[in-house]
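What follows is each chain in one-letter form.
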Amino acid sequence: MLNKLQKWATGRNVLVLIILDVLFMVGVMPYMQLLMALATNQHPQPIDLCIPTWTPAQGFALIESYGDAGRAMYRNIELTADTVYPLVYGFAFALLITFLIRKIAPSNKWMPYLALLPLLGMLFDYLENISILILLSYYPQKIVGVAYFGGVATFCKWVFLFSGLGIVLVGLIAWAVSGLRKR
């Protein structure tokens with residue numbers, strides 16, 4: 001996988017994926033939240049945006065608060081936009097980390113593994129989404145084991161994504177500093 005990331009981590013690919021990520025963050029996902037608000041006549045808290053995690057009781061309360069139309073809309077969002085978005089941000093940040101490491105520490109042997117953090121975040125996002133889909137689909141039945149698993153997946157998603165974001169920030173600063181030193 002690291003070899004593929006090295007091959008794909010061109011400036012153009014990183015830029016395209018970062019632009020797609022921004023479009024999802026400021027356009028697609030807020031639009032999905034608007035659709036959810038219209039379906040529920042409220043501004044609901046999506047389960048997958050609970051930071052750092054959620055308990056089964058919190059998840060069940062949120063699912064109940066959405067109503068039938070909100071639950072149907074949330075399922076549709078999970079099956080459409082939230083199927084594509086993790087791929088976009090996971091690879092955007094993995095390629096960006098790979099690109100930055102190549103710029104600041106090209107001979108380092110272990111640093112390229114840091115690019116796997118956003119991909120692990122993406123994996124846990126998908127596990128979280130599957131859990132949420134199961135809970136939404138089986139409502140009003142409360143499958144506690146799935147809810148616990150979903151909360152753990154949410155926690156792991158945020159740990160890996162925030163770790164990846166921290167690495168990106170440190171990498172950008174290190175790249176800028178090394179660029180200034182060359183002047």
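As a reminder, the structure under discussion sits directly above these lines.
Residues numbered from 1 in each chain as written. Predicted model: local features only at pLDDT ≥ 70, side-chain atom pairs only at ≥ 80, totals over all residues. Heavy atoms only, no water.

Asker: Go over the pattern of salt bridges with me, naming the residues and quoting the values.
Answerer: Counted under the stated rule, the structure contains two salt bridges. Linking Glu128 and Lys157 is a salt bridge whose minimum nitrogen-to-oxygen distance equals 3.1 Å. Placement of the pair is Glu128 in helix H5 (residues 116–138) and Lys157 in helix H6 (residues 144–181), with a sequence separation of 29 residues. Accessibility expressed as a relative area gives 4% for Lys157, which makes it buried. (Salt bridge = Lys/Arg side-chain N within 4 Å of Asp/Glu carboxyl O. Helix = DSSP H or I, 4+ residues; strand = E, 2+ residues; numbered from the N terminus. Buried < 20%, exposed > 50% of the residue type's maximum accessible area, 1.4 Å probe, protein only.)

Asker: Which residues make up the packing of helix H2 (residues 11–40) against helix H3 (residues 56–79), and what values go with them?
Answerer: Following both chains from N to C, one finds H2 and H3 inclined at 160°, their axes separated by 8 Å at the closest point. The orientation of H2 relative to H3 falls into the category roughly antiparallel. Taken as a pair, H2 and H3 cross one another with a handedness that is right-handed. Residues Met32, Leu35, Met36, Ala39 and Thr40 of H2 lie in contact with H3, whose contacting residues are Tyr66, Ala69, Gly70, Met73, Tyr74 and Ile77. Of the residues assigned to the contact of H2 with H3, the class counts are nine nonpolar, two polar and no charged. (Axes fitted to C-alpha atoms, helices over the stretch in contact; angles between N-to-C directions. Parallel < 35°, antiparallel > 145°, perpendicular 65-115°, else oblique. Left-handed = near helix turned anticlockwise from the far one by under 90°. Contact = heavy atoms within 4.5 Å. Nonpolar A, V, L, I, M, F, W, Y, C, P; charged D, E, K, R; others polar.)

Asker: Run through the packing of aromatic side chains, naming residues and quoting values.
Answerer: By the definition in use, this model includes seven aromatic pairs. Relative to Tyr74, the ring of Tyr66 has its centre 5.4 Å away and its plane inclined at 70°; by these criteria the two rings are edge-to-face. In this structure Tyr66 comes out as buried when scored by relative accessible area, which is 2%. For Tyr74, a relative accessible area of 3% gives the class buried. Ring centres of Phe99 and Trp175 lie 5.5 Å apart, and the angle between their planes is 85°; this geometry places the pair in the edge-to-face category. Highlighted residues: Phe99 in helix H4 (residues 81–104) and Trp175 in helix H6, separated in sequence by 76 residues. Looking at Trp175, the relative accessible area reads 35%, which means it is partly exposed. Feature note: the residues Phe24, Tyr85 and Tyr89 constitute an aromatic cluster, connected by ring pairs. (Phe/Tyr/Trp six-rings, centres within 6.5 Å; stacked < 30°, edge-to-face > 60°.)

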